[in-house]
Structures are given as C-alpha cells and as structure tokens.
Amino acid sequence: MTGSAGRVGPPAGEHRADDPPSAAPRDAAVAGATVTADRAGGDLARRATADPLYRLVAYALEAAHGRPPAAVWSAPYAFHLGSPGLVAAAGWPTAAAAAPRTDGLVRLSSLGHPADSCDLPLTLSGPPPAAPAWAVGPYAVLRALARDGYGLGGTDLHVQGSLTGAAGLATAEPAECAVALAVADVHTGTGERPDRELLARLLAGALPDGDDGLRRAVLFARSGRALLLSAEPRRRQRYVAFDPAGSGARLVLVAVRGEAADRPRELARAVACARRAGALSAWPPGPRPGRSVLVLLPEGRLAAVRAAVAEDFRDRGRPVPRFLNITVAGAARREE
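The present account deals with the structure reproduced in this document. (Residues numbered from 1 in each chain as written. Predicted model: local features only at pLDDT ≥ 70, side-chain atom pairs only at ≥ 80, totals over all residues. Heavy atoms only, no water.)

Attention now moves to helix H7 (residues 263-276). Since there are 3.6 residues in each turn of an α-helix, residues three or four apart along the chain are aligned in direction. With 14 residues, H7 ought to run about 20 Å at 1.5 Å a step, and its terminal C-alpha atoms sit 20 Å apart, in line with that. Within H7, burial applies to Arg263, Glu266, Leu267, Ala270, Val271, Cys273 and Ala274. For H7, the angular spread of the buried residues around the axis is 165 degrees, confining them to a single face. For H7, exposure combined with an orientation more than 90 degrees from the buried face picks out Pro264, Arg265 and Arg276. (Helix = DSSP H or I, 4+ residues; strand = E, 2+ residues; numbered from the N terminus. Expected span 1.5 Å × (residues − 1). Buried < 20%, exposed > 50% of the residue type's maximum accessible area, 1.4 Å probe, protein only. Arc of directions from axis to C-beta.)

Turning to the packing of helix H3 (residues 136-147) against helix H5 (residues 196-206), a few remarks are in order. Remark: H3 packs on H5, axes separated minimally by 9 Å, with the N-to-C direction vectors making an angle of 120 degrees. Judged by the inter-axis angle, H3 sits oblique to H5. Where H3 crosses over H5, the handedness of that crossing is right-handed. Taken together, the residues of H5 that come into contact with H3 (itself represented by Ala140, Val141, Ala144 and Leu145) are Leu199, Leu202, Leu203 and Ala206. (Axes fitted to C-alpha atoms, helices over the stretch in contact; angles between N-to-C directions. Parallel < 35°, antiparallel > 145°, perpendicular 65-115°, else oblique. Left-handed = near helix turned anticlockwise from the far one by under 90°. Contact = heavy atoms within 4.5 Å.)

This part covers the sheet that holds strand S11 (residues 292-298). Taken in spatial order, the four strands of this open sheet run S10-S11-S9-S12, and their pairing is antiparallel. Edge positions in the open sheet fall to strand S10 (281-283) and strand S12 (322-326), since each of these has one partner strand only. On average, each strand axis in the sheet is tilted by 25 degrees relative to the strand beside it, whichever way the strands run. Examined bridge by bridge, strand S9 (residues 249-255) and S11 share seven bridges and lie antiparallel to one another. Pairing of Ala249 across the sheet is with Pro298, part of S11. This element, H7, spans S9, S10 and S11 of the sheet and lies at about 0 degrees to S11. (Pairing = 2+ DSSP bridges.)

Opposite charge on two side chains allows them to pair when their charged atoms are near. The tally for this structure, following the rule as stated, stands at 23 salt bridges. One salt bridge connects Arg265 with Glu266, and the closest N-O pair in it is separated by 4.0 Å. In this structure, Glu266 and Arg316 form a salt bridge, with 2.9 Å as the shortest nitrogen-oxygen distance. Of the two residues, Glu266 is situated in helix H7 and Arg316 in the loop between helix H8 (302-315) and S12; the sequence distance between them amounts to 50 residues. Using a relative accessible area of 29% as the deciding quantity, one classes Arg316 as partly exposed. By sharing partners, the salt bridges in this structure join Asp262, Arg265, Glu266, Arg269, Asp312, Arg316 and Arg318 into a single network. (Salt bridge = Lys/Arg side-chain N within 4 Å of Asp/Glu carboxyl O.)

Core analysis: the biggest nonpolar cluster contains 48 residues, and Leu108, Leu145 and Leu157 have the highest contact counts within it. Per-element tally for this core: the top contributor is helix H4 (residues 172-186), with 10 residues. Apart from residues no more than four positions distant in its own chain, Leu108 is found in contact with His65, Ser117, Cys118, Leu120, Trp134, Ala135, Tyr139, Leu142 and Leu157. Residues Ala90, Val240, Ala249 and Leu251 belong to the second largest nonpolar core, which totals 22 residues. (Core = buried A, V, L, I, M, F, W, Y, C linked by side-chain atoms within 4.5 Å.)

Now for the packing of aromatic side chains. Centre distance and the angle of the planes are the two values used to describe a pair of aromatic rings. With the rule as written, the count across this model stands at zero aromatic pairs. The lysine or arginine in question, Arg316, covers the ring of Phe313, its NZ or CZ lying 4.7 Å from the ring centre. (Phe/Tyr/Trp six-rings, centres within 6.5 Å; stacked < 30°, edge-to-face > 60°. Lys NZ or Arg CZ within 6 Å of the ring centre and 35° of its normal.)

And the structure:
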C-alpha cells in the first residue's frame, strides 16, 4: 500500500475471530436433503423481495437442471489491503445454487458460460474428467468435498458472479467458497451449517495455487473490519477496524482497460492523477500485478478524483478507467 498502513486501523481495535461453526455431519440422507430443498432455496427464484442475483441463480439452476435449489449461498469478492496479512471482503457477491443428487453425477452450469454446461462423473481419484475451463475449479472443489464425505452422491450446481474479471478483483476464490458452502450445506443434516474452518482447509489443499488469504476473507470477514491473518497456523485470526464510510472516506476500485502490456503504466498514471486530486492512498487488491488499484480518498473528493482521472485518459485518447465503489462487507452467507 502506498500511504500509511495506519489508515487500516490500530492494533488496539483488534478482536478475536468467532469460533467456527461446529463440524457438520457428513452426507445427509436423501430424505433430509429433500426437506432442506423444500425449506430453503426452492422458492427463491419466485420471491419478489429477494436480491435479483440470487433469484437469477436459483431460477437458472432450475432451468438448466430441471429442479429447484436446496440452498443458495452468496460469497463476497475479497481484496488485500497492502499490509502483510490484512484482507477484507467487498460488498459485491458471487452466488452458487445447489441441489443434491444420488447417482454420482455432477451437473455444472453458469450464466457466464452459457455454452459450457457439463455433466461429469464424480470420481475421487485419478485424473479428473475433461471439463470446460470455467468448471475445472468447481469440479476440484466438489471432488475435495466428496473425499471428505460431503456430496458423494453428486450435485447439481449453478454459479454466477456479479463482477467479471475486468473489474480486477479475484473471481476464483469467492466462487470456490460459494460452491463449497452450497454443496456442503445441501449434503449436511437439516439444521446444521457447514464447518467453515474445515472448508478453508479443504480448499487450500485442493487448490493450492489459489489465494488462501482471500478465501479466509470470503469465509470469515466482518462488515467494517479487516481480517488480520497470522503466519502461525495455530494462532487465531483477528479483526482490526477498517471502515472507510464510517470515517468520512470512500474506497474505490479503479480498473483500467486496454492491452495487458499497457496496464501497469496506465494504473500508475491513474494513481498519480488520483493523488493530485486528493486521494489518500492506493494499493493493488491482490499480490500479483493486475488491472486495478484500490484508492482511499476523502468522501468530498470523490467527484474531483473521478473527473481528474477521466480527463487525463480522455486527453490521451485512452479508454477511461472504470470506478467501482467498495463497501467493506461481511462473510459468505446462506440466502434464505
């Protein structure tokens, strides 16, 4: 992060994380799963008061696979704060709808990949079956869960995000967490909730190339808090205050467009313009160079910063960067 790390919040504001939910029993009986379907996600597609994304995901699963979801889970996109071990969740979700099967088949679909739905056998060992690129991650999650006893009978699954990769936030980790929670939920006994700590460990083992810090933000974040992760495996994660809106500031994601080779230079230019217009600090949302930066600025300077960046890019004949307001959100949750 360029700028003082003290803006994130003082150590005096730290809080210990809640204990994870109690461990869930393995694969529920089919009858129990059916009761869950009737109680939870089945009518979400037709509920006028539900969030449009969750209605859409519930409807899409039913349209693609001919049955209503037993559960719908939302998982926030997440980001690093630039200081070591600090992560937080953003108020933009990915959603997963799931329904249990008993024939050992997984059927995967996504509105983001309408031509690439697939039906795959759920195998526990050996090379995974050939799958469209978008489905490789979800299948790896399903396989890891099945090895631990969740979902051996198979699952119908639909996944959809509210952002694309063009926004510059990591898309894989929230999708993985949403899938894990939804699948574990529909294969768990009625009234029990998935064990998030167990799921975090399963995901880390199944997808070691992913960002475990972002996954933990997705699973354990709190609104208005950053999650401080310890390098010591046995030490609990803690929370520190990070609430830009509560302190009269705004957190904005600035995503540049154009060729990948040009992005580092264009991002640096956008940050320089934002600073001249009153931004306090800026940092990348992930550990690897990407297409976006997070900018912290006084609320009263938002319009000036946007105008300064837009003017600079227009004057040079470059595509104007996208601005996305970010709220510091809570963890993944079941949508009732």
